[in-house]
Amino acid sequence: MANFLIVEARFYGHLNDMLIAGAKAALESAGHSAEVVTVPGALEVPGAISMAAESDRYDGFVAIGVVIRGETYHFEIVAGESARALMALTMDSLAIGNGILTTENETQAIARADPAQGDKGGEAAKAAMRLLELRDEFA
Ligand SMILES: Nc1c(NC[C@H](O)[C@H](O)[C@H](O)CO)[nH]c(=O)[nH]c1=O
Ligand SMILES: CC(=O)[C@@H](O)COP(=O)(O)O
């Protein structure tokens, strides 16, 4: 059994609840444990994962959040920089699944957050589990 940390950017609580449900279902059905911590937004998720990784308490990580385009360029920054930073951490051999949705509107987000539809939370958890498997295989 591995211990995973779900780091959620709780910008849209109701959407996160669906994403986290999907992620937890995937992790727990595979026999793993999951803890959840909350940060304000997607830009804080990579930093929180980096800090948590230094503790050696967690085998893998799932990033959860929703970024919905507004009126300004900020969407590109939040969506792009959170993804870029998560990729950089993954390239540093951390087993991370990225379940941060980046959508044009809430309808698109719901369709992807709902475990009975797109289940992107579960998908991100499965990606993290696969990376952890590979890290163990390559060790
Ligand atoms: N607009 C969204 C944000 N923005 C907040 C940033 O992520 C960050 O918390 C702030 O800039 C302070 O550093 N975050 C989301 O997760 N989703 C959004 O739609
Ligand atoms: C993704 C965002 O940062 C967005 O929610 C902010 O909205 P706005 O660009 O209208 O300030």
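Along each chain, the written sequence defines residue order, and numbers are assigned to residues from 1. Lettering for chains starts from A, numbering for ligands starts from 1, and both go in the order in which the items are written. Only residues with pLDDT of at least 70 get local features here, since the model is predicted, and only at 80 or more are side-chain atom pairs given and counted; chain-wide, interface and lining totals rely on the full set of residues. Side-chain numbers come from the whole structure's heavy atoms, not from hydrogens or water.

- Where an unreviewed UniProt entry is consulted, the protein appears under the name 6,7-dimethyl-8-ribityllumazine synthase, with the organism given as Aurantiacibacter atlanticus.
- UniProt positions are given in the numbering used here, feature names are shortened, and annotations may be inferred rather than shown by experiment. The annotation that UniProt attaches to the protein under Function (unreviewed entry) is "Catalyzes the formation of 6,7-dimethyl-8-ribityllumazine by condensation of 5-amino-6-(D-ribitylamino)uracil with 3,4-dihydroxy-2-butanone 4-phosphate. This is the penultimate step in the biosynthesis of riboflavin."

**Topic: the sheet that holds strand β4 (residues 96-103)**
Piece 1. Paired strands, as defined in this entry, are two strands with at least two bridges between them according to DSSP. A run of H or I in DSSP becomes a helix once it reaches four residues, and a run of E becomes a strand once it reaches two; helices and strands are each numbered from the N terminus. Sheet architecture is open: four strands sit in the order β2-β1-β3-β4, paired in parallel fashion. Strands with a single pairing partner mark the edges of an open sheet, and in this sheet they are β2 (33-39) and β4. For this sheet, the mean inter-axis angle between neighbouring strands, taken without regard to orientation, is 15°.
Piece 2. Relative to β2, strand β1 (residues 3-9) runs parallel, the two being bridged by seven bridges. Directly across from I6, in β2, lies its bridge partner V36.
Piece 3. Taken strand by strand, helix α1 (residues 13-29) contacts β1, β2, β3 (60-68) and β4, and its axis lies near 155° from that of β3. Lines fitted to C-alpha atoms define the axes, with helix axes restricted to the stretch in contact, and inter-axis angles between N-to-C directions lie between 0 and 180 degrees. Note on definitions: a residue-residue contact is assigned when non-hydrogen atoms from the two residues lie within 4.5 Å.

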